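# Examination of the molecular architecture
As a plain string of letters, each chain reads:
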Amino acid sequence: YKRACEKFIEARDDFEAKLRQISFLRVIPSQANYFLVEVLPPYTAREVVYKMLKDYNILMRNCSEKGGFDGKQYMRIAVRDSNDNNKLIEALKEIDNNK
């Protein structure tokens, strides 16, 4: 169990570092199995969630319409295995490069 936790922490830290390379995301530090990220202009969370599902078959959660976010654009991104995490990062990089 301890080794599994250590592996997860390593995967989460690596994923966080890669998410921070996406210019339109502001990553909120996390100890959980997901990250809350603020989507910065020129995109909205709704646009990114829609594009990820439509173009890459990746499901993400738009949290912007939940109470307490004061109209800011937030998404929830789950930490998965390295293959899934890297697939998501590559898709986000493509979106970032096409703005």
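In what follows, the structure referred to is the one given above.
In this report, we go over the structure that sits alongside the text. Here the structure is a predicted model, which means the values were calculated and not measured.

## Some thoughts on the side chain of Glu38
Along the chain, the position of Glu38 falls in strand β2 (residues 34-39). The class of Glu38 is buried, set by a relative accessible area of 11%. Here Arg26 takes part through its side chain, which lies 2.8 Å from a polar atom of the side chain of Glu38. Not counting residues within four places of it along the chain, the set of residues in contact with Glu38 comprises Phe24, Leu25, Arg26, Lys72, Gln73 and Tyr74.

## Topic: the pairing of strand β4 (residues 74-78)
In this structure, β2 lies alongside β4, joined through five bridges in antiparallel fashion. The partner of Val37 across the bridge, within β4, is Met75. Where strand β3 (residues 61-62) meets β4, two bridges bridge the pair, whose relative direction is antiparallel. Bridged to Arg61 within β4 is Arg76.

The rules behind the values
- Within every chain, residues take consecutive numbers counted from 1 along the sequence as written.
- Thresholds applied to this predicted model are a pLDDT of at least 70 for local features of residues and 80 or more for the giving and counting of side-chain atom pairs; totals over whole chains, interfaces and linings are not thresholded and use all residues.
- To get the side-chain values, take all heavy atoms of the structure and skip hydrogens and water.
- The way it works is that DSSP assigns letters per residue, a run of H or I at least four long becomes a helix, a run of E at least two long becomes a strand, and they are numbered from the N terminus.
- Throughout this description, buried means an accessible area under 20% of the type-specific maximum (1.4 Å probe, protein chains only), exposed means over 50%, and partly exposed covers the range between.
- Any pair of N or O atoms that falls within 3.5 Å is considered a polar contact. Within protein, one atom must be able to donate a hydrogen and the other to accept it, and sequence-neighbouring residues count only if both atoms are side-chain atoms.
- Working rule for contacts: check all heavy atoms of both residues, and any pair within 4.5 Å makes them a contact.
- Strands qualify as paired when DSSP identifies two bridges or more between them.

By themselves, these figures tell us nothing about what the structure is for.
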